[in-house]
Structures are given as C-alpha cells and as structure tokens.
Amino acid sequence: MAKKIGKIGLIVFVILSILGGGLALIAPPYVKNKASQSFPIVDGEIQLPGLQGEVRIYRDSYGVPQIYASTQHDLFFAQGYVHAQDRFWQMDFWRHLGAGRLSELLGKSMLETDQFLRTLGWERISQREVEMMGEEEQAILAAYSSGVNAYLEQAAGSSLSLEYYFLNLINKDYQPEPWTPVNSLTWGKAMAWDLRANLDSEIERAQLLKTLPRNQLEFLYPEYPADHPLIVPGFSPSGEKSTSQESGGQAGDDLVRLLAPLLGEVSTSAAALDQLTGGGFESIGSNSWAVSGDLTDTGKPYLANDPHLGSQMPSIWYEVGLHCLEKTELCQLDVAGFSFAGVPGIIIGHNDRIAWGFTNVGPDVMDLYIEKINPENPNLYLTPDGWQEMEVINETIQVAGGDPVELAVHLTQHGPIIGSVYGLEAFAEESGLAIPENYALALRWTALEPGCLFCSIWDFNQASNWEEFREASKNFTVPAQNLLYADVDGNIGYQMPGSIPIRVEGHNGMLPVPGWNGDYEWQGYIPFNDLPHVLNPKEGYIVTANNAVVGTDYPYLISKQWDLGFRAQRITELLNEAPGPINLTYLKKMQGDNYDALAAILVPFLLDQQFSDPDLQAAQDLLRGWDYQADMDSSPAALYMVFWQNLLDNTFPDNLPEDYQIGVESRAKEVMRRLVSQPDSPWWDDASTADREYLADIFRLSLKEAYRELKRELGNDPSVWQWGDIHTITFQNQVMNSFPVIKGAFNRGPLPCSGGNSIVNATGWDPENPYVIDWLPSMRMIVDLNDLSNSLSIHTTGQSGHAYHPHYFDMADLWRKIYYHPMLWDAQQVQRQTESLLILTPQ
C-alpha cells in the first residue's frame, strides 16, 4: 500500500508546491488549527432526531465515554454518534476497504486491491447476512447507523476529520455516504482476513516445493512441541469420529510446482491487502488467561486479555460503556470494554455478571482448489458431473479522477476464482496426461459463507452465565476465537467456536488440492458440542495464547499450524510459580513479561565457547548474568536480538528461495530450538563458501556481526546500549502515512519499547525491517470479578482519531510502559471522574 498511495503523495506534494502559499497550508500551526475545527462537541446539550429519550454521555480524563439511556435503541444510537464524533475517518476508510471501494476514495492506485476485494465479495456476503438477520439484530444495526448519520448531518469535509482536508486535494468531489448496516458487517470479514491462518502458508509451502524436497519442507514447519501446553488437554468429543490429521493426499508435487506463478499472483494480491488491513503476520496472536478464585487474593476470578494485531493510528480499539438507566424488558445492557469504531456493541469486556476475552484459534478454514478450466470456454470448469458453468457477477468499480472499471467475478462450487487462468502446456507434454491446458485457483473460505458473527457479540453483552455464554458462541463462526470466560459467581470457562471443516481422511489442508474430482470436498463442520470446551478445570486457570487447543488424539483436524507455544508456556510457568495468591499487581507484571525462552537456550551455548577475538569476548561479558528479559533499557537484550536476527540470516537463506523469509517468530524459534541439537546438520553449512560450516561457526559469525553492528549503530560503549534504542514503534495513519509531505501531522513516534517476538509482551517485527515493531498487544485488559470497578485497561494510542486532539496520543506512554487506566464501571465512580458531559435529547 505504501508504494501505491505514495504515488498519490507525490502528486499532493506537487499540487501544494504549485498553489500560492501552498506550503503554508501544511505548516504545523495551520494544520493544527485546521485539525481543531474537527474536534467534536463533548459538553453541553444537543438535540437529535431519531432519539427516543434523553442520553447522557460521560467522558473521563482519557476520553472514554460511558453512555446512559433508557432504551437499547438509544444506547446503540448514541454509540454510533460517539464513534462518528471521534473516529469517522477510520470508519469511512474501513468501510471502503470492506466493500472493495478504495479506488473511489483514493484513485486508481487502489484498483488492483479493489478487484481482489470485489472478487472475495465481502460486501456481497454482508448484504446477505443483513437480510438473514432477525428483527432484533436488524434494529441494533439500524439504531447504530442512525446515530452515525445524525453526526454526519452536523459535520462535513474537514470538520469531520483533518484527513478530509487533504483528501480534497486529490478527490475534491468526495462526500461520505450515509452509514448502512452492511458497512458495520464488513468489519467482521476484514478481521477474519487479518486473522486467517492457512492461506499464506498453503501458498508458501507450494512455492517452496519448487526448491526443497518434502523432508526439508516439513522441517521448516514443525509439529506442535510436546513439551508446550495445550489449552484443553485431554478433551474428548462425544463418540468416535474419523480423523483427517495425517498428511498426504494433496495434489501431486509436480503439479503444485508448476502452479507457482499462479500462487505467486494470489500471494501478491493478499500481501497488498495486508498492507491496508495491518494483518497477515505469521504467528500474530494474543494472550488471555483466567484464574480461579482458589488461586487469587480476592477469592474470585481475574480475567486478563491482550489481543495482538498490526499497529495503526488511531488504535483499532475504542473503549466505551453502554448502560441502561434501569434494566427492563426493553433495555438489558450494562456493559463496558472495547469496541470497533463502526460496529455496535462491546467486542471484548464485561457486563455486570460475566467477563470475556479473545485470542485467535487459527483454524484451517481456507482451502485452495485447483480448478480445470475449459480451454474453449473459460466460463466452464470441470466437476465430477462434467463441465459446469461458473456464476458470473459483473462489478463496476468507481475510480476517483478516472473512468469506471468493469470486473467479472467468477464463482465455482468452491468459491471465487482468485487467480487468473494459467496454462500448463509444458506439464501436459512432460507428463503425457490428457488434461486441459488451463487451470485456475478457487478459494473456499468459511468467511465467504453467510453467518451472524456480531449476533454472538450482542448476545455476549447480555449473557449472565456460562450456559448463556456458550449458547451465544454458536454464532461465532469466523474468525474462530478462543473464547475465555469468567463470572462473578466464581466460574472460569473456555469455548472454541467456529465453522471448522471436516476434511476427508488424508487431506490436511496444507497444500492446494484438485477441485475437479470430488475427492477433497468438505464433509460439513465439526458439531458444536464436539468443539473443545471446559468449565472450572482442576488446574485453577485457563491459558490461551494461540497455542494448540487439543492434542493429536482429538479426532478432528482444527489446524496443522498452531503458534508453537512459547508464550503459552511462559504464562503457565508464571501462574504455577506465583509467589502467593495472584493479585492485580502480579497480573500486570505478567502482561509486561519480556522473558525470551529461546535466549535461555542459545545464550548458554554462546557463553561456553572459547573466543580469542576481543569483540567476541566483550560480547560474552555483556551476556553473562542476563535474566533473558527483553527490557527496554537492557544492553544484553539489544545484543541478543541482533544476534538472533543475524543467526537466522546466516543459517537459512542459502538453502531457500531468494525471496523467502523464515521469519523471527514461533516457527523460526522452534526450528532453531531443534536445530541446535544437531550441530553437524547440513542447514549450518554456508553454500556460498568452499568450507564446511557447523553450528559453532555460524554462532561465532552471527555474534561477531551483531556486536559490530551495534557498535556502528549505538556507539563503542556496550554499557549504554539499550534494546529500546532500536526496538521502536511508530504509529502510522493507514492512508496518510504514504503522503510524504503531510504524514507528520498524523503519525506519532518512534517510541522505544520492550518485548519481542514469541514473548508475552509480544512486540513483533518483520525480518525485512528488523526490530521495528509492526504488530503488538493492541490493548490490555484485566477484569476483577470481585470488584468490577477495580478493573484495568489500556490501548495503544488514544480514544480520538483527530490529529492533535488531547486524546489522540495520550495512552501511548502508558501502553508501552505497561501502565493502565481505571476501567470505570459504577455510576458514582464514572461521575467522580468525569471530564465532560454531553446530553443528547430528542428533537
């Protein structure tokens, strides 16, 4: 996305340079003044059409609103209104993304991304979902939409947000359309895309088969470690089911290799979309744990959650409370927590009876099917019943400053064709098989089937016990999440929901499969009662960190590609080693834990080596006594992390395709954990040299490079090196970051941080841009089920999406230093800490 929108940024620069006094229009004083014109009214009284009664909105010193009303209609109306007040640009951008309409907002540079999004059809599916909803759910969406639109009646252009001032320079005719229920539902599709687990690795594995034999390929994708914890160990569904956990049964390796160009095309489209959504990171995940009152200082549970998502500005989360003044048949809500701007309700949080949190399961709910296309009629594809005609949907993409573009979307029984037809004449000649010349890839994905994800969310908001929570989770089809639960009665629980396909025996979903023979069709979904769940386990706690939910004895395939459990192992250790009853202070320390488990394996090996090089001896001295905590001010952490990056760079690239990165996350750590027990492995040999290298050679080289790199970057005195000097976060506006002249008005940072990959405080980076954080704990929450007013929360940037607003960036320091603000709850506490009061009344 950066390269694409960067072209627009250059155009803006030229325009501003030509305009008389143009550069004055982007000078900080002018921009700040312009930004302040979009700051919403948060004090006083406003009359609005569509309200049924009075609504009071109390905002605290961080801008977090607590909304009080007499009807649920008015609560959701007011939530839509405050979301629009604080975050409408974010909402507008995300709805254009979800609908595949970015070109009409940002111009032709977004055309290819729109074509991919229209092909996936998120908006088409969301429209069907609205039509299938019951009256109550449609009423929630309608009330929320009315609240958003009430604000749009009051503000327009740059008075909505500063971004529209600059957008006007390239798209002067743009006017936001009224908000609709479909705009809210496409959010769910975008999140399902961000949290997908298998598409990228399916493509990656297929492409690696061009270079690697299967045994080496499998080494790079290790099984879940037996010494790392499961979420629900020993879970058995009712009755025996056939398994599809074993490997084999995919398309032939030769065919998969020849499909590499087509797979590369799909991978490019997916990567471009990831740059927009902030997703697509390997091992991106979350932490959550619930602790029984048997282990706590209060005798009641605590629930902690920190979802890991791509960084962005403003934060993906918006804190809010929704409170019925009196609980009646027409008004049941009393709930607080984290919402998405653009969606009604509380996504993660608590009500007056229960608390809940999410981490990503990462199930394999995507399969690529290789379709045979008729060479004489590209609208026909082969099925077990012969040639069938694809459904063709004609889409028109509006382009700002250009002509509309037509797109034909082709749908098969498996899903949309997401890669263009690719001729395999060479394969036909070499194999001697009588096959058609043309193939294409179709995507089957559960998110492209209508569901009611947000029905689950709204039911969570009103659930009062474990049974109601489980019932609500039945609609949580995709993206499947580890649903963690605790209640004021002292219970803790876990439920894995989701539409998880049952595959035929031998089909493990790890490579593309033939779509023409019927041998690889899904056999329905795992029945809900057979999905893993537990209430009040004997351990007294439940930990979820994207680790394996169940063991290999579970008779269904959920995934072959879990996060490999380093974070889950550390959280479990901390709970087991708690020095006394677990309290809020200890839970905060846990969420900020920076322990690197692999460092505890690799560093002792480094210290055992005998080096004559003074730099290597100095490096060893720096690492001695390190507690393996990647703290912000740690010198040894800085050295180790640079060593780790160099170790990967010196071990794998010479054996892998040029554009392939093994990453620095849990998979890379587990591969290295296994490899260090094989000091003579061929993986250690550097193919670019005449000598034969071993583990000790590569470790020596990597440590030497790391030490000298830090001397160049941070100076000759290792005692002043700090991990936070190179491990930084810059929060970037998803669009304005690519405008070279004006991004400074919107971006904030860089800020030093602690943590790292596969660490509880999971501040991750991409090896292509080492140490610079691109995904992170997007928020942190600790709920005290003994006293809900004692709960704590924080997210990354601030409540406001308005640049230069006091609440635009006032949470960032708290977030990076593992501090919190009170998660206000009871009315007296809310009123005592009120910074502003806005009263909405019917017009």
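All of these numbers come straight from a predicted model, not from anything done at the bench.

**Student:** Which parts of the structure should I look at to understand the overall build of the chain?
**Tutor:** Assigned secondary structure in the chain consists of 26 helices and 29 strands. Across the 843 residues of the chain, 62% fall into the buried class. For the chain, long-range pairs separated by at least 24 residues make up 74% of all intrachain contacts whose partners lie at least 6 apart in sequence. Carbon and sulfur atoms provide 48% of the accessible area of the chain, an area that totals close to 30100 Å².

**Student:** What should I look at first to understand the state of the cysteines in this one?
**Tutor:** The term disulfide refers to a covalent linkage connecting the sulfur atoms of a pair of cysteines. Tallied over the entire structure, the rule returns two disulfides. Here Cys452 connects covalently by a disulfide to Cys455, the sulfurs 1.6 Å from one another. Neither Cys452 nor Cys455 differs from the other in exposure class; each is buried. When the cysteines of the chain that form disulfides are numbered from the N-terminus onward, they connect as 1-2, 3-4.

**Student:** Just to check I follow, could you spell out the pairing of strand β16 (residues 438-445) for this structure?
**Tutor:** Looking along a regular strand, one sees the side chains alternate between the two faces of the sheet. Most of β16 is tucked away: eight of the eight residues are buried. The two faces of β16 match: Asn438, Ala440, Ala442 and Arg444 on one face and Tyr439, Leu441, Leu443 and Trp445 on the other face are all buried. As paired strands, strand β10 (residues 366-373) and β16 are joined by eight bridges and run antiparallel to one another. For Asp367, the partnering residue across the bridge sits in β16 and is Arg444.

**Student:** Any chance you could explain unusual backbone geometry here in plain terms?
**Tutor:** In terms of backbone geometry, most residues other than glycine have negative phi values and most peptide bonds are trans. Cis geometry is adopted by the peptide bond preceding Pro314, which originates at Met313 and carries an omega value of 0 degrees. Within the element layout of this structure, Pro314 appears in the loop between β5 (302-310) and β6 (318-324). Val478 connects to Pro479 through a cis peptide bond whose omega is 0 degrees. Looking at where Pro479 falls in the secondary structure, it is placed in the loop between α16 (466-473) and β17 (481-487). Unlike most non-glycine residues, Asn546 shows phi in positive territory, near 65 degrees. Structurally, Asn546 is set in the loop between β21 (541-544) and α17 (566-576). Residue Asn546 is classed as buried on the basis of its relative accessible area, which comes to 4%. Residues other than glycine seldom take positive phi values, yet Tyr771 does so here, at roughly 75 degrees. Mapped onto the elements, Tyr771 comes out in the loop between β24 (764-765) and β25 (773-777). The class of Tyr771 is buried, set by a relative accessible area of 7%.

**Student:** Any chance you could explain the confidence of the model for the chain here in plain terms?
**Tutor:** Caution is warranted with low-pLDDT regions, since their predicted coordinates should not be read in detail. Model confidence for the chain is summarised by a mean pLDDT of 90, while 89% of its residues fall at 70 or above. Counted against residues more than four places away or in other chains, residues 422-436, with its pLDDT under 50, gives 26 contacts.

**Student:** I keep staring at the environment of Glu204 and nothing clicks. Help me out?
**Tutor:** Its place among the elements puts Glu204 in helix α10 (residues 199-208). Distance in space between the C-alpha atoms of Glu204 and Leu511 is 9.0 Å, their sequence separation being 307 residues. When residues no more than four places from it in sequence are discounted, the contact partners of Glu204 are Tyr221, Tyr660 and Arg667.

**Student:** Please explain empty space enclosed by the protein as it appears in this structure.
**Tutor:** Empty space among the atoms can be located by rolling a probe the size of a water molecule over them. If you walk through the whole model with that rule in mind, you get 12 cavities of 30 Å³ or more. Here the largest cavity defines a volume of roughly 210 Å³. In terms of lining, the largest cavity is formed by 18 residues, of which the most central are Met191, Leu195, Phe340, Phe358 and Gln481. Those elements that provide at least two residues to the lining of the largest cavity are α9 (181-194), β5, β9 (354-360) and α15 (453-462). If you tally residues by element for the lining of the largest cavity, the top one is α15, at three residues. Class assignment for the residues of the lining of the largest cavity results in 14 nonpolar, four polar and no charged. Quantified by volume, the second largest cavity comes out at close to 120 Å³.

**Student:** Is there a simple way to explain the pattern of salt bridges in this structure?
**Tutor:** Once the charged atoms of two side chains with opposite charge are near each other, the side chains can pair. The final tally for this structure, using the stated rule, is 31 salt bridges. Put simply, Asp173 and Lys172 hold a salt bridge, and the shortest N to O gap is 3.6 Å. We classify Asp173 as exposed; its relative accessible area is 62%. Residue classification places Lys172 among the exposed residues on the basis of a relative accessible area of 60%. Of the charged contacts, one joins Lys474 and Glu471 as a salt bridge, the two residues approaching to 3.1 Å between their closest N and O atoms. With relative accessibility at 48%, the residue Glu471 sits in the partly exposed group.

**Student:** When you look at the side chain of Arg101 in this model, what are you seeing that I'm missing?
**Tutor:** Mapping Arg101 onto the fold places it in the loop between α3 (72-99) and α4 (102-106). The class of Arg101 is buried, set by a relative accessible area of 18%. Beyond its immediate sequence surroundings of up to four residues, Arg101 is in contact with His96, Asp114, Arg118 and Glu177.

**Student:** Teacher, can you tell me more about the nonpolar core here?
**Tutor:** Nonpolar side chains tend to gather and get buried jointly when the protein is soluble and globular. Core analysis: the biggest nonpolar cluster contains 188 residues, and Trp445 and Leu840 have the highest contact counts within it. For this core, the element with the highest residue contribution is α3, accounting for 13 residues. Beyond its immediate stretch of four places on either side in the chain, Leu840 contacts Ile46, Leu48, Leu51, Gly53, Glu54, Val55, Ile57, Ala78 and Tyr81. Among the nonpolar cores identified, the runner-up in size contains 55 residues, and Tyr221, Phe611, Leu648 and Ala706 belong to it.

Conventions adopted
- Residues numbered from 1 in each chain as written.
- Predicted model: local features only at pLDDT ≥ 70, side-chain atom pairs only at ≥ 80, totals over all residues.
- Heavy atoms only, no water.
- Helix = DSSP H or I, 4+ residues; strand = E, 2+ residues; numbered from the N terminus.
- Buried < 20%, exposed > 50% of the residue type's maximum accessible area, 1.4 Å probe, protein only.
- Contact = heavy atoms within 4.5 Å.
- Areas by Shrake-Rupley, 256 points an atom, 1.4 Å probe, with all protein chains shown as cover.
- Disulfide = S-S within 2.5 Å.
- Pairing = 2+ DSSP bridges.
- pLDDT = per-residue confidence, 0-100.
- 1 Å grid on protein atoms, 1.4 Å probe; cavity = no way out; pocket = protein on both sides within 12 Å on 5 of 7 lines; lining within 4 Å.
- Points joined across faces, edges and corners; volume = space filled by probe spheres on them.
- Nonpolar A, V, L, I, M, F, W, Y, C, P; charged D, E, K, R; others polar.
- Salt bridge = Lys/Arg side-chain N within 4 Å of Asp/Glu carboxyl O.
- Core = buried A, V, L, I, M, F, W, Y, C linked by side-chain atoms within 4.5 Å.

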